[in-house]
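Next come the chains, spelled out residue by residue.
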Amino acid sequence: MKETITFQLNGKPVRLEVDGNRTLLWVLRTDLGLTGTKFGCGLSLCGACTVVVGKEAVRSCQLPIREVRGKEVLTIEGLAKNGKLHPLQKAFADLGAFQCGFCTPGMIMTAYALLLKNPRPTREQIIAGMDNNLCRCAAHWRIVQAIERVAGTR
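Residues numbered from 1 in each chain as written. Predicted model: local features only at pLDDT ≥ 70, side-chain atom pairs only at ≥ 80, totals over all residues. Heavy atoms only, no water.

Considerations on the nonpolar core
Selection rule: In this text, buried Ala, Val, Leu, Ile, Met, Phe, Trp, Tyr and Cys residues form a nonpolar core when linked through side-chain atoms within 4.5 Å. The rule is simple: take the accessible area with a 1.4 Å probe, protein chains only, and divide by the maximum for that residue type; under 20% is buried, over 50% is exposed, in between is partly exposed. Counting from the N terminus, the helices are the DSSP runs of H or I reaching at least four residues and the strands are the DSSP runs of E reaching at least two. The contact rule is simple, with two residues in contact once any of their heavy atoms fall within 4.5 Å.
Within the largest apolar cluster, 26 residues are counted, with the highest numbers of intra-cluster contacts made by L88, F92, M107, M130, I143 and I147. Of all elements in the fold, only α2 (87-95), α3 (104-117), α4 (123-130) and α5 (140-151) reach the threshold of two or more residues within this core. Residue contributions to this core peak at seven residues, all from α3. Those residues in contact with I143, other than ones at most four positions away along the chain, are F92, A97, M107 and M130. Judged by nonpolar contacts, the second largest core, of 17 residues, contains L9, V14, V51 and V73.

Encoded structure:
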């Protein structure tokens, strides 16, 4: 059954007529054309589909779109401002904190939410905060370094 869902997406109001049970991931990718958020496992386990809702990193592959009604959603497409990469995006690029790049949007969005809650995390807190995001390319060490750079802890 279709519902009217309104929310803020990357700072702009969105109004959709959509089945409220559809997941946020597929609404973002297919209805709104925002393909930066990736489909990984589809089970909320890998983190490839991570977006920020409010100030929380959430797995969009399992989140019904009706759950974001009235909330603010931030995707990887919304991080860069005025043609400039967000410091996390720049640090990931500068330090090569990726190989294939498939997990990178989810990694960056999880790191963004982590730094919202704790702007100066220790290495151990970064590792714990990123623990549920998987990277098959083994870029984990460089990912931690990129987050440390932005946090000013390294």
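So much for the structure itself; the text now carries on.
Details of the packing of aromatic side chains
As a reminder, the rule being used: Planes of paired rings set the category: under 30 degrees apart is stacked, over 60 is edge-to-face and the rest tilted, where pairs are Phe, Tyr or Trp rings (Trp by its six-membered ring) whose centres lie within 6.5 Å.
Taken as a whole and assessed by the stated rule, the structure comprises one aromatic pair. Measuring from ring centre to ring centre gives 5.4 Å for W26 and F39, while their planes differ by 40°; the resulting arrangement is tilted. Of this pair, W26 sits in helix α1 (residues 24-31) while F39 sits in the loop between α1 and β3 (50-53); the two residues are 13 residues apart in sequence, bridging distant segments of the chain. On the basis of relative accessibility, which here comes to 38%, the residue F39 falls in the partly exposed class.

Worth remembering: the numbers are spatial, not functional.
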